[in-house]
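Remarks on the overall topology
Here is how the chains run, residue by residue.
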Amino acid sequence: MAIARLARQAKRSYGFCAKLTAVVILGLSFIVVWSVFASPSTSVTIQRESFDNIGEPVTGNTKVSHPRTQNDNRKKIDEGKLSRDTKDKVKSDLDGRDTKKVNGSDSKSPSNHNHASEKKHGAAKEKNEKHKENKPEVTRKESQGSEESEDEDAEKGNEEEEQEVVDGQEGELKDDEAETEGDLGESDQEPEDRIEPKNTGKKFKRKGPLFDPNAHYSWKLCRARSKYNYIPCIDIESGVARQQGYRHRERSCPRAPPLCLVPLPPSGYKPPVHWPESNSKILYKNVAHPKLDAFIKKHDWLVEVGEFLTFPQNHSELNGGVIHYLESIEEMVPDIEWGKNIHVVLEIGCTYASLGASLLEKNVITLSLGLKDDLVDLAQVALERGFPTLVSPFGNRRLAFPSGVFDAIHCGGCSRSWHSKNGKLLLEMNRILRPGGYFILSSKHDSIEEEEAMSSLTASICWNILAHKTDEVSEVGVKIYQKPESNDIFELRRKNPPLCKENENPDATWYVPMTTCLHTVPTSIEQRGAEWPEEWPKRLETFPEWLSNDKEKLIADTNLWKAIVEKSYLTGIGIDWPSVRNVMDMKAIYGGFAAAVSQQKVWVMNVIPVHAPDTLPIIFERGLVGVYHDWCESFGTYPRSYDLLHADHLFSRLKNRCKEPVAIVVEMDRILRPGGWAIIREKVVIMNPLEEILKSLQWKIQMSYSHGDEGILCAQKTIWRP
């Protein structure tokens, strides 16, 4: 018996060893196969998946790629020395430390734009999968082998204080990296009343600098299906055979941000026609597209003349012209006084492309929402002409605007079924429309079923129909609705759709699904939206009662940027302002920069990062336009859209948010036109490597100046492509 028991134990031991040996062999085989097919991590040239393991640059063993030391009075211009007058202007600009620190405002409690729906998206984004053709090669210039260097970096990083940051929430930063309000060159007078966001994102740690100072970048062109019109978060790159178009039905970004450069149009790109001449003609090759060719042949309001695409005055889709159309609307509803009572308008789609041009003459700023299914690319035409335009899907998620900010919303030639999906599209219009604001719907063909469904829906949300008339000249049927200004009428309506819950934030938009509930109307004078704003231009610098807590900060911010623009930007950094029309402020705060350049012949897209305090309602209240955005993703616009980008301490804000911070610079290169300008104000530790990245993109550094720990850089994009 004992012998038999020993035999069974030996047999079991032998079986276990055999299984263990098989597992080890399979594991080794997997490692061998992975090492063959994966990008080699031990070679001299490293395709980095992230910059998390890079520590602070060390002298001695490491050769830093930046050629200059950080001098307090570093200055440079492209051809010759910076003049004494210019130096004094820029220095006085950077010396505004005491001026910019208002009420000791702090930046440690950002407002919450992000809901739980961002958690899923943020987790998906953090996968470090990249297409090889969409990455620059990052070469480490170190004398030791890459494996040894990685070990050293990791060891150094463990000695440093680590920061845990939630996606959508910034932790406290060290003294040398914190975005304090008193820093030179920064104008973050942020609101004190903020809500701490929930812990909704996946934590990750970043050690060392934002940009690797030892990296060398060699760029490649993107191989996107949409080629020179590539919009990364809208254009499909999956290669699915059954996909007829190349546009997403919803915003859907690549797992890793593209690190490739968008090519120029093959027919040749030229500097755009300057404003205001661009209102009537643009260079056709700059916006050429096969579907646009077919569109031109069917419509006479845009005509190809030589190398130009022209827009005959007062010609449009409408018989009688746009001017007659706008005047007929005022006749139907006299309270609609274009440019006085109505100043900020949202245009759904770009069908009536000349509407924004005609409204601009009446002191109305019209932001056109270029829909993703507009394959004719009329949104790109509008941007080339110099009109505010944003490209965005409009299906199941909220638009990236706060609630109650548009004076009027216009949808001309609309083919959208507003009553479908339980009316969620129209309820989204109700969310962003100002109380007492107007919804103008025009169409040449109305079916009885559509009209009945629309009437039932608008009645259920208490919209008052002010006019329903078919104009004899334009032959267009126009309906004008008005959103209620009080909640009293809600008691008389049927209870479907239901009222939204009190804890639901109507301003939360980023990746937030549309709801089928009805938000109540603000009634107290201390609430935003309870009163109609002042007429333009008083509106720009008149602050209503609900802004009483931030009034001093707004005044200080306005005066600060007015001084900076007048003393530095307009005369001191070499920008050719007559060539500038489309401007973007990448971190706008209160819109002070946009207000300061309002006297120039420009329009400004004010971008509020989703992790920053929510100040976008203030920007709209001032009569300006803007949008929420996460700069870890691509912006919703065509390549070569903007003439000037302004970034005030944007990168220092994104240190612990974006897995690939260099992708933000690539995105700036995508949306800026060749010959366009970028003004960047940052900390010197970020500015120095950033300048080298811009040089690798063949940008021309027009001016670079630092004072203490702060710096300002003005660079111009060239027409270079790899």
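Residues numbered from 1 in each chain as written. Predicted model: local features only at pLDDT ≥ 70, side-chain atom pairs only at ≥ 80, totals over all residues. Heavy atoms only, no water.

**Notes on the state of the cysteines**
Following the criterion strictly, the structure yields four disulfides and no others. Between Cys222 and Cys260 runs a disulfide, and the two sulfur atoms are separated by 1.9 Å. Disulfide Cys222-Cys260: torsion about the S-S bond near 95 degrees, hence right-handed. Residue Cys222 is found in the loop between strand E4 (217-218) and strand E5 (281-283), and its partner Cys260 is found in the loop between E4 and E5; the two are separated by 38 residues along the sequence. (Disulfide = S-S within 2.5 Å. Helix = DSSP H or I, 4+ residues; strand = E, 2+ residues; numbered from the N terminus.)

**Thoughts on the nonpolar core**
The biggest cluster of nonpolar side chains holds 138 residues, and the ones touching the most others in it are Phe401, Phe406, Trp418, Met429, Phe439, Tyr569 and Phe651. The greatest single-element share of this core, amounting to seven residues, is contributed by helix H16 (residues 662-671). Counting 21 residues, the second-largest nonpolar core is a separate cluster that includes Val322, Leu326, Ile336 and Ala467. (Core = buried A, V, L, I, M, F, W, Y, C linked by side-chain atoms within 4.5 Å. Buried < 20%, exposed > 50% of the residue type's maximum accessible area, 1.4 Å probe, protein only.)

**Looking at the pairing of strand E21 (residues 710-716)**
By the criterion of burial, E21 is predominantly enclosed, with seven of the seven residues buried. Across seven bridges, strand E19 (residues 672-683) lies against E21 in antiparallel orientation. In the strand pairing of E21, Ile679 is matched with Cys714. Hairpin connection of strand E20 (residues 700-707) to E21: two residues between the antiparallel strands, including Gly708 at a positive phi of 70 degrees. (Pairing = 2+ DSSP bridges.)

**Here we look at the sheet that holds strand E13 (residues 464-470)**
Overall, mixed pairing links the seven strands, which are arranged E10-E9-E8-E11-E12-E14-E13 in an open sheet. Since the sheet does not close on itself, it has two edges, and those belong to strand E10 (389-392) and E13, each with one partner. Strand-to-strand twist across the sheet, computed as the mean angle between neighbouring axes with direction ignored, equals 20 degrees. Helix H7 (residues 321-332) rests against strand E11 (406-412), strand E12 (433-443), E13 and strand E14 (477-482) of the sheet, and its axis sits at about 50 degrees to E14. Of the strands in this sheet, strand E8 (344-348), E11 and E12 touch helix H10 (residues 420-432), which is tilted by about 135 degrees from E12. (Axes fitted to C-alpha atoms, helices over the stretch in contact; angles between N-to-C directions. Contact = heavy atoms within 4.5 Å.)

**Thoughts on unusual backbone geometry**
For the peptide bond that leads from Trp275 to Pro276, omega is 5 degrees, which places it in the cis range. In this fold, Pro276 is placed in the loop between E4 and E5. In this model, Trp536 is joined to Pro537 through a cis peptide bond whose omega is 5 degrees. Structurally, Pro537 is set in the loop between E14 and helix H12 (551-569). Even without a glycine there, the phi angle at Tyr511 is positive, about 60 degrees. Structurally, the position occupied by Tyr511 is in the loop between E14 and H12.

**Regarding the packing of aromatic side chains**
Scanning the model with the defined rule gives 19 aromatic pairs in all. With centroids separated by 5.1 Å and ring planes inclined at 90 degrees, the aromatic side chains of Phe401 and Phe406 adopt a geometry described as edge-to-face. With respect to burial, Phe401 and Phe406 carry one shared label: buried. Ring centres 5.4 Å apart and planes at 85 degrees place the aromatic pair Trp418 and Phe439 in the edge-to-face group. Of this pair, Trp418 sits in the loop between E11 and H10 while Phe439 sits in strand E12, and the two are 21 residues apart along the sequence. Assigned by exposure class, Trp418 and Phe439 land together as buried. Ring pairs connect the aromatic residues Phe394, Trp418, Phe439, Trp463 and Tyr481, which therefore count as one cluster. Here the basic side chain of Arg385 rests over the ring of Phe311, its NZ or CZ set 3.9 Å away from the ring centre. Over the face of the ring belonging to Trp532 we find Arg434, whose NZ or CZ atom lies 5.7 Å from the ring centre. (Phe/Tyr/Trp six-rings, centres within 6.5 Å; stacked < 30°, edge-to-face > 60°. Lys NZ or Arg CZ within 6 Å of the ring centre and 35° of its normal.)

**A look at the sheet that holds E5**
Spatial strand order, E5-E7-E6: three strands in an open sheet with antiparallel pairing. Edge positions in the sheet fall to E5 and strand E6 (303-305), since each of these pairs with one other strand and no more. Each adjacent strand pair in this sheet contributes to an overall mean axis angle of 30 degrees, direction not counted. Sheet topology places E5 next to strand E7 (residues 308-310); three bridges connect them, and they run antiparallel. Bridging across to E7, Lys281 finds its partner in Thr310.

**Remarks on the pattern of salt bridges**
Under the definition given, this model contains 18 salt bridges. Among the salt bridges present, the one from Arg673 reaches Asp643, with a minimum N-O distance of 2.9 Å. Taken as a pair, Arg673 in strand E19 and Asp643 in strand E18 (residues 642-648) lie far apart in primary sequence, 30 residues in all. Residue Arg673 shares its accessibility class with Asp643, and that shared class is buried. When salt bridges with common partners are traced through the structure, they connect Asp407, Arg434, Arg539 and Glu621 into a single cluster. (Salt bridge = Lys/Arg side-chain N within 4 Å of Asp/Glu carboxyl O.)

**Remarks on the environment of Ile296**
With respect to the helices and strands, the residue Ile296 is situated in helix H6 (residues 290-298). The buried category is assigned to Ile296, whose relative accessible area is 12%. With 13 residues separating them along the chain, Ile296 and Leu309 place their C-alpha atoms 9.3 Å apart. Aside from chain neighbours lying at most four places away, what touches Ile296 is Tyr284, Leu302, Glu304 and Leu309.

**Topic: the pairing of strand E16 (residues 603-609)**
Most of E16 is tucked away, with seven of its seven residues classed as buried. Here four bridges tie strand E15 (residues 582-585) to E16, and the two strands are oriented parallel to one another. The residue bridging Val583 from the neighbouring strand is Val604, located in E16. As defined by bridge partners, E16 adjoins strand E17 (residues 625-629) across five bridges and the pair is classed as parallel. Among the inter-strand pairings, Ile608 is bridged to a residue of E17, identified as Tyr628.

**Some words on the environment of Val625**
Relative to the helices and strands, Val625 is located in strand E17. Placed 18 residues apart in sequence, Val625 and Val607 show a C-alpha to C-alpha distance of 8.9 Å. Beyond its immediate chain neighbours, meaning those up to four positions away, Val625 contacts Val344, Ile365, Leu367, Val604, Met605, Asn606, Ile619 and Phe620.

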